[in-house]
Every structure is written in C-alpha cells, then in structure tokens.
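Listed below, chain by chain, are the residues.
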Amino acid sequence: MSVEPKSAAVGTGAIWSPDPKIIDKMREECWNVNPFLLIPQKAAQCCIDIMKGVGAPPEAVAFSSAMLKNRTDTFCYMSSFRKISIVDMANIVCPFKDDSTSDMVLLNGQPAIVWINDLNNLNKIDLFSEPEYGKMLRRHNEALLWPFTSGLTGVKKLPGGGERYMFNFRLLNGCEGCPLSGTMTVAYDFSADGHFMGVTLIELVTAE
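Residues numbered from 1 in each chain as written. Predicted model: local features only at pLDDT ≥ 70, side-chain atom pairs only at ≥ 80, totals over all residues. Heavy atoms only, no water.

**Observations regarding the packing of aromatic side chains**
Under the criterion given, the structure shown has nine aromatic pairs. With a centroid separation of 6.0 Å and 20 degrees between ring planes, the pair formed by Y188 and F196 is classed as stacked. Taking the relative accessible area as the measure of exposure, Y188 reaches 0% and is therefore buried. Chaining the aromatic ring pairs together yields one cluster made of Y165, F167, Y188, F190 and F196. (Phe/Tyr/Trp six-rings, centres within 6.5 Å; stacked < 30°, edge-to-face > 60°. Buried < 20%, exposed > 50% of the residue type's maximum accessible area, 1.4 Å probe, protein only.)

**Considerations on the pairing of strand 5 (residues 143-157)**
Here strand 5 runs beside strand 6 (residues 163-173); their pairing, made up of ten bridges, is antiparallel. Considered in strand 6, the bridge of G154 is made with M166. The turn linking strand 5 back onto strand 6 is made up of five residues, and G160 within it adopts a positive phi angle of 90 degrees. (Pairing = 2+ DSSP bridges. Helix = DSSP H or I, 4+ residues; strand = E, 2+ residues; numbered from the N terminus.)

**Considerations on the pattern of salt bridges**
Scanning all chains against the criterion turns up eight salt bridges. For K97, the salt bridge is made with D103, and the minimal N-O distance between the two is 3.3 Å. According to the relative accessible area criterion, D103 is buried, its value standing at 4%. (Salt bridge = Lys/Arg side-chain N within 4 Å of Asp/Glu carboxyl O.)

So, in structure tokens, the structure goes:
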C-alpha cells in the first residue's frame, strides 16, 4: 500500500484577505466566460495566476494550488487558520462555488486536506440504520443532511493517542430554505500519527 508523503505544515502564512476588487477581476477574467467553454480547472488556475500577479503571499498561493489539486472544480483561498493539535483547521472561501462561499478543512494530517463538508465522507454514515432518523422522518418526511457545518464543537482524545474532532450539521426538510428537521454531530477521527480514520455519527437529534 502506498503512503502519501507528508507535506510541509500549512500555517497562518497561507491566510489571504483579498480586496473585493481582486475577486471582481477574477470573476470577470476567469469565470464570466461562455459557459459552454468554461473549464473549472482552468478558471481556478486563472484565479491563482491573478493571486500571484497582485502579490499574494507565496504560502497563500501554494495553499490555493493545493486546494485546486485536491478538489479540481473551483478556486478557494484560506481566510483563517486555527492551530489545534494532531491536525489543524482552516476556514476557506470559495467565491465562485454555487452552493456555498465558505467551508472548513482539517489540515496537516494524512491526507493533507480533509474537507469537513465532503459528502464522500458524510454519505458513509447510514442514517437509515439509526432509530432516531426513523423518528425524524415521521415528523419531517423529507429530512436530508445539509452538508455545511456550523463549526467545531469539541476535540476528544482517543485510545492510542489519536484525536476526535466533532462538528454539528443540520438536517433540513427537503431544501436549503426549508424548516429544520434536526441536527447531527459527526466525529472526524485521526490516529496519533495524523492519519484520517473516517467519520462516526455521535448524536442525531430530531427538531421539535
């Protein structure tokens, strides 16, 4: 089994606070093109090139490039950084992403970037096997996970020296603007040497 080489740690040097005029320039030059010709990867790289041209810190440019390599479909930059422990956390802004302009990632582990709102991880939770979800569906028959967290709610040590990072998510009754169906707390577990071990459902609560 191949092991991803450990990247240099990302820190506060990767934070970028662009003037809104720079984002407008990116929108005009990189994203406001014929939609039939738009290639998201090329548009995102265009934004990174503009970052370089306006003098963004090299660490910020490197982080946005790593994010593009990780995600490939849009441009993102780091807006804040929080040192935690085994891994760290950053808020990111993706100004041209349709469903949200902000997100969170866990950094400096293996893999180097873990998106908190990544449905590839969240969909591994089998809600239908949870009795509370059945109760929720009886009250809110279209209860669905809305994959945007309200933030980190706690960090807990795991046996063997690993750590558990807990985040809250909302379940909404059918759409983004629909009533709240409930909430769920999801843990992102890392081993003592920083390897991501997956997600675990901690709690599911039905809204009254």
